[in-house]
Amino acid sequence: MHEIIEQLAAQAGEALAAADSRETLAVFWQEYLSKNGKVSGLMKQLRNVAPEERPAAGKIINEFKQKLTADYEAAAERINAAELAARNAAEAVDITLPAKRRALGALHPITLVKNQIIDTFAGMGFEVFEGPEIEDDDHNFTRLNVPKNHPARDMQDTFYLAEDIVLRTHTSPGQIRVMDSKNPPIKVLVPGRVFRSDSDATHSPMFHQMEGLVVDKRITLCDLQGMLDKFVQALFGPEVKTRLRPSYFPFTEPSVEVDVSCFECGGKGCPLCKHTGWIEVLGGGIVHHNVLKNCGIDPEEYSGLAFGIGIERIAMLRYGINNIGLLFENDLRFLKQFRE
Ligand code: PHE
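None of the values given here were measured: they were computed from a predicted structure.

**Describing the site of the ligand**
The full set close to the ligand counts 15 residues, and His-170, Ser-172, Arg-196, Gln-209 and Glu-211 are the nearest of them. A distance of 2.8 Å is found between an oxygen atom of the ligand and a side-chain nitrogen or oxygen belonging to Arg-196. In this structure, an oxygen atom belonging to the ligand sits 2.9 Å away from a side-chain N or O atom of Gln-209. Expressed as a share of its isolated accessible area of 320 Å², the protein-covered part of the ligand is 92%. Judged by the proximity of its atoms to the pocket grid, the ligand belongs to the largest pocket. Listed by contribution, the elements that provide at least two residues to the shell around the ligand are strand S6 (206-216), strand S9 (278-287) and strand S10 (303-310). Element by element, the count of residues in the shell around the ligand is highest for S10, at 3 residues.

See below:
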């Protein structure tokens, strides 16, 4: 019996030492320590031992079983620890690695200029109002003193969506909407997208305007020039001047084209100002009597001024952009230059 146990112990010891995973350990347990395993087999062989030797032999087998069980548990612990260490190593995170940088966004140059314009006029007490991009003929033309068949309709290449529905060609319909909803005194800015069937280096079928409207008692062209002086100085520098030239818009009378003295050459003449010393920046004028009347405002009591600023035009002048298309391609190499 002694010999058999010693042989078995040697075999089991080797098998345990070789076990290197839960699976091989389970196979070992089946083979040696389970109900039908080799250790139980020893117990069954006690039958063949002489009765007087049985107690001593049984004791040896029991001791062997206890030792083997303890060895098995030690091996199980060793394998668990090794597997845990391997898993920890595989899942380790190097906290000294630099973190991923999140790309920082920035405002589009159109938005930058729009905000600057709003900031300047907000300082003079203007509020912001927005109207719809899809307009009816009435707001976009007729009530702005541009009746059907008026030749001035040809000034703006209109996108028609239906017989009397257009993509607004300017932000001036915002004037009508504001005067319909508010009584004077009125001082509003109407920023927005506008649409015209026109496309080249300085024109885009979709662009942005900022309308200004002031209606109060005794508003004159001087108020317009005073406000616009402040505006161009805020955008182009304190030394620039404005110049008003007579012009024509159906909804203003008189109408003016507003030039700013060239901020590039100081008025001496250069390629930017086409050697004239002046750069055209916007249109405006005194609100036409008919437009006030169309909105139920008495032109004998009130007068108004209005102006329309092309936001792309201002952005292109400010940042020296020579092609309007660059503003809408959303090429990051271009846009990154405006991060403030
Ligand atoms: N709506 C005109 C345009 O788009 C600009 C303008 C606005 C002129 C207000 C006068 C007064 O061309």
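**Describing the environment of Leu-161**
With respect to the element layout, Leu-161 can be found in strand S3 (residues 160-162). The residues contacting Leu-161, other than those within four sequence positions of it, are Ile-134, Val-166 and Leu-167.

**Structural notes on the sheet that holds strand S8 (residues 252-261)**
In a beta sheet, neighbouring strands pair by backbone hydrogen bonds and run either parallel or antiparallel. Reading across the sheet, the 7 strands line up as S1-S5-S6-S10-S9-S8-S7 and stay open at both edges, with mixed pairing between neighbours. The outermost strands of the open sheet, each flanked by one partner alone, are strand S1 (127-128) and strand S7 (242-249). Here 10 bridges tie strand S5 (residues 186-195) to S6, and the two strands are oriented antiparallel to one another. Opposite Arg-193, over in S6, you have His-208 as the bridge partner.

**Overview of the domain arrangement of the chain**
The domain boundaries assigned to the chain delineate domain 1 (2-90) and domain 2 (109-338). Computed over C-alpha atoms, the centres of domain 1 and domain 2 are 94 Å apart.

**Considerations on the layout of surface pockets**
Size it by volume and the largest pocket reaches roughly 1,200 Å³. As for the largest pocket, its lining consists of 47 residues, and the residues nearest its centre are His-203, Glu-280, Val-281, Gly-310 and Arg-313. Every element with two or more residues in the lining of the largest pocket is listed here: S6, S7, S8, S9, S10 and helix H10 (311-319). At 8 residues, S9 tops the list of elements feeding residues into the lining of the largest pocket. Looking at the second largest pocket, it is lined by 15 residues, and the ones nearest its centre are Ile-110, Lys-114, Gly-192, Arg-193 and His-208. For the lining of the second largest pocket, the class distribution of residues is 5 nonpolar, 5 polar and 5 charged.

**Considerations on helix H2 (residues 22-32)**
Turning to H2, its buried residues are Leu-25, Phe-28 and Tyr-32. One side of H2 carries all its buried residues, which in axial view fall inside an arc of 55°. Residues of H2 that are exposed and point over 90 degrees away from its buried face: Glu-23 and Val-27. On the buried face of H2, the contacting elements are helix H1 (2-18), helix H3 (38-45) and helix H4 (54-90).

**Section: the packing of aromatic side chains**
In this description, an aromatic ring pair is defined by two values, namely the gap between the centres and the angle between the planes. Under the counting rule described, the total for this entry stands at 10 aromatic pairs. When the ring of Tyr-319 is compared with that of Phe-338, the centres are 4.9 Å apart and the planes differ by 75°; the resulting orientation is edge-to-face. With Tyr-319 in helix H10 and Phe-338 in the segment after helix H12 (332-335), the pair connects residues that are 19 residues apart, well separated along the chain. Through successive ring pairs, a cluster of aromatic residues spans Phe-121, Phe-126, Phe-231 and Phe-307.

Scoring rules and cut-offs
- Residues numbered from 1 in each chain as written.
- Predicted model: local features only at pLDDT ≥ 70, side-chain atom pairs only at ≥ 80, totals over all residues.
- Heavy atoms only, no water.
- Near = heavy atom within 4 Å.
- Polar contact = N/O pair within 3.5 Å; in protein donor to acceptor, adjacent residues only side chain to side chain.
- Areas by Shrake-Rupley, 256 points an atom, 1.4 Å probe, with all protein chains shown as cover.
- 1 Å grid on protein atoms, 1.4 Å probe; cavity = no way out; pocket = protein on both sides within 12 Å on 5 of 7 lines; lining within 4 Å.
- Sits in = over half its atoms within 2 Å of the grid points.
- Helix = DSSP H or I, 4+ residues; strand = E, 2+ residues; numbered from the N terminus.
- Contact = heavy atoms within 4.5 Å.
- Pairing = 2+ DSSP bridges.
- Domains from an automatic or database assignment.
- Points joined across faces, edges and corners; volume = space filled by probe spheres on them.
- Nonpolar A, V, L, I, M, F, W, Y, C, P; charged D, E, K, R; others polar.
- Buried < 20%, exposed > 50% of the residue type's maximum accessible area, 1.4 Å probe, protein only.
- Arc of directions from axis to C-beta.
- Phe/Tyr/Trp six-rings, centres within 6.5 Å; stacked < 30°, edge-to-face > 60°.

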